[in-house]
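Below, each chain spelled out in residue letters.
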Amino acid sequence: PKFRKVKMSSGTKHYEIPDIEHGFLGTIKSIFYIWFYSFPNIFFQVILFIADVISYHYISHRFENQVLAAFGLSLGWTSTFGTIIIYSLSSGISTLAGQAHGNRQYSLFRKIFKMGFWLVTIVVIVISLFLLVSAEILAFIGIDKDLAMKARPFLMANTMRLAGYGFLAFLRWFATSVGHFYVSGVISAASLLLHWGFTHIFVVIMDVGAVGT
């Protein structure tokens, strides 16, 4: 596609943004460009699921099926009431930050960053407190009590997972809003390797149990 240079914020650095071309070939080129800059966000989300698959792998090979079911229950509960909320919140904040940054309102951008950071912190704390009592809630709404109690250690451990995800997602969205698209991809790849390494250490070497995943 045809490109026009637009100055975006980072000193004298320029980012090329294509004009949409007509015709089949122009459409293919424009789609490829959009995919190229969307890939880091896609990669970030895929990495989260790959990390979960690694955890499933270790649990399924070393523990009974009920432990695996408890882990899956805790993961689904945390995703529903934690991950999705934080992801959506960070996405909304980054939209405001991107608009301020694109209009060169850097003072407003800094304020949005600070307020967004504290908002994410408060939300993470509230959801973490909710996770601490989620085993009782699951049993109350009809989930098998033994299964809910087995999920308790995973739910408690997920508070740390949620905190890490919350601030990573927040910083990733801010990096994207100022044009640093591939920062999140690099961070995600590094976090996946760390997850695999620490899971192996905790579960296999230190033998701390399934909660080590």
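Notes on the structure in this doc start here. (Residues numbered from 1 in each chain as written. Predicted model: local features only at pLDDT ≥ 70, side-chain atom pairs only at ≥ 80, totals over all residues. Heavy atoms only, no water.)

1. Looking at the packing of aromatic side chains
Counted by the stated rule, this structure contains eight aromatic pairs. Ring geometry for Trp77 versus Phe130: centroids 5.9 Å apart, planes at 15°, classification stacked. Residue Trp77 is located in helix 2 (residues 65-102), and its partner Phe130 is located in helix 3 (residues 106-132); the two are separated by 53 residues in the primary sequence. On the basis of relative accessible area, Trp77 is assigned to the buried category, the value being 12%. Among the residues examined, Phe130 registers a relative accessible area of 28% and is labelled partly exposed. Relative to Phe202, the ring of Phe198 has its centre 6.0 Å away and its plane inclined at 25°; by these criteria the two rings are stacked. Taken as a pair, Phe198 and Phe202 lie in helix 6 (residues 183-205) at a separation of four residues, close to a single helical turn. Through a chain of ring-to-ring contacts, the aromatic side chains of Tyr56, Phe71 and Phe154 assemble into a single cluster. (Phe/Tyr/Trp six-rings, centres within 6.5 Å; stacked < 30°, edge-to-face > 60°. Helix = DSSP H or I, 4+ residues; strand = E, 2+ residues; numbered from the N terminus. Buried < 20%, exposed > 50% of the residue type's maximum accessible area, 1.4 Å probe, protein only.)

2. Focus: the nonpolar core
Formed by 32 residues in total, the largest nonpolar core has its most connected members in Ile86, Phe154, Leu155 and Phe174. Sequence-distant contacts of Ile86, defined by excluding residues within four places in its chain, comprise Val123, Val124, Ile127, Leu162, Tyr165 and Gly166. By size, the runner-up hydrophobic cluster in this structure holds six residues, among which are Ala51, Tyr58, Leu192 and Val203. (Core = buried A, V, L, I, M, F, W, Y, C linked by side-chain atoms within 4.5 Å. Contact = heavy atoms within 4.5 Å.)

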